[in-house]
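Observations on the model geometry
Each chain is listed here by its residues.
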Amino acid sequence: MKRVSVFATVALSAAFLVSCGDGGNAETANHDNHDHDKSDEKTEQMAETKTVMVDIENSMVMWEGNMTGAKTYNHFGNLMVSEGKLEMTGDAISGGGFVIDMTSITPTDSAYSEEHPASDLVGHLTSADFFDVENHPTAEFSITSYDAEAHTVTGMLNIRGNSNEETISDVMMDKESGKISGMLTFDRQKYDVAWSHPLKDMFLSDDIKVEVSLMTKEG
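Residues numbered from 1 in each chain as written. Predicted model: local features only at pLDDT ≥ 70, side-chain atom pairs only at ≥ 80, totals over all residues. Heavy atoms only, no water.

Counting residues in each nonpolar core, the largest one holds 39 residues, and the members touching the most others are Phe98, Met102, Phe131, Val153 and Ile168. With five residues, strand β4 (residues 92-107) is the single largest residue contributor to this core. (Core = buried A, V, L, I, M, F, W, Y, C linked by side-chain atoms within 4.5 Å. Buried < 20%, exposed > 50% of the residue type's maximum accessible area, 1.4 Å probe, protein only. Helix = DSSP H or I, 4+ residues; strand = E, 2+ residues; numbered from the N terminus.)

Structure follows, in C-alpha cells:
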C-alpha cells in the first residue's frame, strides 16, 4: 500500500505540473501575440510615407570651383532651386529630388575687377564650354537611397543631359526648421564640362564642390 501511495502522489504531481505548464504556455503565447501586434502597428506607423515640398524661395545650391597655376583663383556662388519634393518614410528620405535653375548662376566671390567683371564669368560658365545653359537650362538630382547611419543620400545627377550616380554626404536634417543640407563633389568631366585653360600652366580643377541647402514644407 505504501508503494502504491507514493506512486499515486508522483502521478498527481506530474499531472499538476503538466496542467500548469499548459496554462503558462498559453499565457506566454497571448503575450507574445500582443507584443507582435504592437510591433506590427509600430512598423506600420514608421513605414508611413508622406511628401514634403521644397520651398524654392528659401532653397539654394552653393557651388565652388578652383583654378590653379601661377595664381590660385577660387570662384564660388549660388544657384536657385526651381522645383523639388521629397518622399519621407518616418524620419528617413525615401525618394524625390530637386531641380536646379542653371540660368541663375550668381558669383558671390570678390575675384573681379572693372576689366574682368563677374558677368564675364557668368557668360563663360553658361556657354557651351561649360554648362551649355541655352540647351540645358536645368540640372536635376533624383534620390534613389538614403543611409541614416552614414548621413548620405545617393541619387542620379543629370547635367548637360549626362546622368551619373552621385552621393550627397554630411546630410543634416533639422525637424524644427525643415532644413535639409549636405555636400556633393562631382567630376565635371563626366558631364562634358571639359573646358581647359589655353595657358598650359593654368588648370581648372575637375572637382566641382556643391553645398545643397533645401527648406521643406508640408505638401
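With that settled, the discussion passes to the pattern of salt bridges. Following the criterion strictly, the structure yields three salt bridges and no others. Aspartate 206 is the salt-bridge partner of arginine 188, the closest N and O atoms lying 3.3 Å from each other. Pair noted here: arginine 188 is in the loop between β8 (179-187) and β9 (203-204) and aspartate 206 is in the loop between β9 and β10 (207-218), with a separation of 18 residues, a long-range link. Residue class for arginine 188 comes out buried when judged on its relative accessible area of 3%. (Salt bridge = Lys/Arg side-chain N within 4 Å of Asp/Glu carboxyl O.)

This structure, assessed with the given rule, holds three aromatic pairs. Summarising the aromatic geometry, the rings of phenylalanine 130 and phenylalanine 131 are spaced 6.4 Å apart at their centres and angled 40° between planes, so their arrangement reads as tilted. Per residue, the accessibility class of phenylalanine 130 equals that of phenylalanine 131, and both read buried. Measuring from centroid to centroid gives 5.5 Å for phenylalanine 186 and tyrosine 191, while their planes differ by 85°, and the two rings are edge-to-face. For tyrosine 191, a relative accessible area of 0% translates into the label buried. (Phe/Tyr/Trp six-rings, centres within 6.5 Å; stacked < 30°, edge-to-face > 60°.)

To continue, consider the pairing of strand β2 (residues 60-68). Only one face of β2 is buried, namely the one carrying Val61, Trp63, Gly65 and Met67, since none of Met60, Met62, Glu64, Asn66 and Thr68 on the opposite face is buried. By the bridge criterion, five bridges tie β2 to β10 in an arrangement that is antiparallel. Bridging from a neighbouring strand, tryptophan 63 pairs with valine 210 of β10. Pairing geometry for β2 and β9, over two bridges, is antiparallel. Residue threonine 68 lies in a different strand from β9, and its bridge partner there is phenylalanine 203. (Pairing = 2+ DSSP bridges.)

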